[in-house]
Amino acid sequence: MKDHDLAQRIAAQDRRALARGITLVESGRADHRAAAAALLAALPQDRQALRIGLSGTPGVGKSTFIESFGMMLIGMGLRVAVLAVDPSSTRSGGSILGDKTRMDRLSREAGAFIRPSPSQTHLGGVARRTREAVRLCEGAGFDVVLIETVGVGQSETVVAQMSDVFLLLLAPAGGDELQGVKRGIMEMADLIVVNKADGDLKTTATRTCADYAGALRLLRKRDQDPDGFPKAMMVSAAQEKGLDDVWTALSELAEWRRAQGFWDRTRADQARYWFHEDVRQRLLAQLEAPAARAALATLSDAVAAGEKDPAAAAQAFVAQLGDLSD
Ligand code: GDP
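About the cut-offs
Residues numbered from 1 in each chain as written. Predicted model: local features only at pLDDT ≥ 70, side-chain atom pairs only at ≥ 80, totals over all residues. Heavy atoms only, no water. Helix = DSSP H or I, 4+ residues; strand = E, 2+ residues; numbered from the N terminus. Rg over C-alpha atoms; globule rule 2.2 N^0.38 Å. Contact = heavy atoms within 4.5 Å. Areas by Shrake-Rupley, 256 points an atom, 1.4 Å probe, with all protein chains shown as cover. Lys, Arg positive; Asp, Glu negative; His and termini not counted. Charge placed at Lys NZ, Arg CZ, Asp CG, Glu CD. Core = buried A, V, L, I, M, F, W, Y, C linked by side-chain atoms within 4.5 Å. Buried < 20%, exposed > 50% of the residue type's maximum accessible area, 1.4 Å probe, protein only. Domains from an automatic or database assignment. Near = heavy atom within 4 Å. Polar contact = N/O pair within 3.5 Å; in protein donor to acceptor, adjacent residues only side chain to side chain. Nonpolar A, V, L, I, M, F, W, Y, C, P; charged D, E, K, R; others polar. Axes fitted to C-alpha atoms, helices over the stretch in contact; angles between N-to-C directions. Parallel < 35°, antiparallel > 145°, perpendicular 65-115°, else oblique. Patch = residues over 30% accessible without salt bridge, like charges linked within 9 Å, V, L, I, M, F, W, Y side chains within 5 Å. Salt bridge = Lys/Arg side-chain N within 4 Å of Asp/Glu carboxyl O. pLDDT = per-residue confidence, 0-100. Pairing = 2+ DSSP bridges.

### Some thoughts on the overall build of the protein
In terms of helices and strands, the protein carries 13 helices and 7 strands. Relative to its length of 326 residues, the protein is compact, with a C-alpha radius of gyration of 22 Å against a globular reference of 20 Å. Expressed along its principal axes, the backbone C-alpha trace of the protein runs to roughly 75 × 45 × 40 Å. Taking contacts inside the protein between residues at least 6 apart in sequence as the whole, the part at least 24 apart equals 77%. With the model as given, the accessible surface of the protein reaches about 15,900 Å², and the carbon-plus-sulfur share is 52%. Charge centroids of the protein, computed over 41 positive and 42 negative side chains, lie 2 Å from each other.

### Let's talk about the nonpolar core
Ranked by internal contacts, the top residues of the largest apolar core, which has 51 residues, are Ile 10, Leu 18, Leu 136 and Ile 192. Top element by residues in this core is helix H6 (residues 123-139). It accounts for 7 residues. Of the domains in this structure, domain 1 (1-44) and domain 2 (47-259) are the two that each give at least three residues to this core. Discounting chain neighbours no more than four positions away, the residues touching Leu 136 are Ile 10, Leu 18, Gly 21, Ile 22, Val 25, Leu 39, Leu 40 and Leu 43. Val 144, Leu 191, Phe 229 and Trp 263 belong to the second-largest nonpolar core, a separate cluster that totals 34 residues.

### Observations concerning the site of the ligand
Taken together, 15 residues lie around the ligand, and Gly 59, Lys 62, Thr 64, Arg 102 and Asp 198 are the ones closest in. Between the ligand and Thr 64 there is a distance of 2.6 Å, counted from an oxygen atom to a side-chain nitrogen or oxygen. Between the ligand and Asp 198 there is a distance of 2.7 Å, counted from a nitrogen atom to a side-chain nitrogen or oxygen. Contact with the protein chains removes 65% of the 580 Å² of surface that the ligand exposes when unbound. Looking at the shell around the ligand residue by residue, the class counts come to 4 nonpolar, 7 polar and 4 charged.

### Details of the packing of helix H10 (residues 243-260) against helix H11 (residues 262-287)
Contact pair H10 / H11: the axes reach a minimum separation of 5 Å and the direction vectors enclose 85°. As the angle between them shows, H10 and H11 are arranged roughly perpendicular. Within the contact between the two elements, H10 uses Ala 254, Trp 256, Arg 257, Arg 258 and Gln 260 and H11 uses Phe 262, Trp 263 and Arg 265.

### Topic: a nonpolar patch on the surface
A contiguous nonpolar patch, built from Phe 275, Val 279 and Leu 283 and spanning about 280 Å² of accessible area, is present on the exposed surface. On the secondary structure map, Phe 275 appears in helix H11. Judged by relative accessible area, which is 53%, Phe 275 ranks as exposed.

### Notes on the confidence of the model for the protein
Chain-level pLDDT for the protein is 89 on average; 91% of the residues reach the 70-or-more range. At the low end of the mean pLDDT range in the protein sits helix H8 (residues 183-188), at 84; at the high end sits H10, at 97. Between residues 90-94, whose pLDDT stays under 50, and residues either more than four places distant or in other chains, the model counts 6 contacts.

### Focus: the pairing of strand S6 (residues 191-194)
Burial of S6 is two-sided: the residues Leu 191 and Val 193 facing one way and the residues Ile 192 and Val 194 facing the other way are all buried. Pairing geometry for strand S5 (residues 165-170) and S6, over 4 bridges, is parallel. In the strand pairing of S6, Leu 167 is matched with Leu 191. When S6 meets strand S7 (residues 231-234), the two strands line up parallel, connected through 4 bridges. Paired with Val 194 across the strands is Met 234, a residue of S7.

Dropping the structure here:
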């Protein structure tokens, strides 16, 4: 199938074409990378989804939340795509969305599309592929793209780099554990959502929510926030309570950012970031070409033997890198 046909089918909301497009952007093969770039360029550029980044440690209820929240959005007539950035996923291991039993109801909905994290050990690779999958979902006319990640460090940063709004999901916990959330991650959040505010956990959830609201007030005010944001709220994903408030808050925030110009500015900064990232990745890939590796080995021997100066050798090598990696 021609790239152009694939782009048209994706634009016409053909889910199999979308899945195929994502497989293409996930491939590391040089010819696939070129085809993926052409596909992304051929997509409608005027469609924008609300991209929601969602992070939380394992067990806080991410999949329960996404399922309930996603079903609510479907009920409102919106189309919802769910993607993931899982830094721990490898080709053999399971990924956070790999388990088919997760999001059982949502996965059966015609208006929903769920895709597990691309498998790779290197976070940069997973991130780039997911970012391109987000673009494909937008091209396919999804209204909301949820990008899930596990709260274990670096992956929040890359998810924030591809999201319009960022949501941190937490479980009810004693005051001591407030310190467990890294300041950097708190600073990234637009909304802190304390889940499991039901049954015996409700009291603790209320206290946790108040603690985080207090902590958020101590953070430096960011330009891209209207009054009242970032905000802490509580939900019960299992009992489907408070989810409409989360949607109202996210919509209000997104509206305000659009009106104030922050939405476009953030997306422009993100595009710049991913462009630089892609250039870097492509240059690194060039280093891996057999001819480049051979030349590098020869030159490093010459440098080690004192026959060539390191700076001059590096200059000569970089100058011919394009030819070596063809
Ligand atoms: P994930 O690892 O973050 O995706 O978490 P899961 O969605 O798999 O949920 C982890 C556990 O928490 C499961 O046993 C869920 O049933 C439970 N859970 C999720 N949401 C809620 C909730 O709103 N209330 C309560 N009480 N339990 C919940």
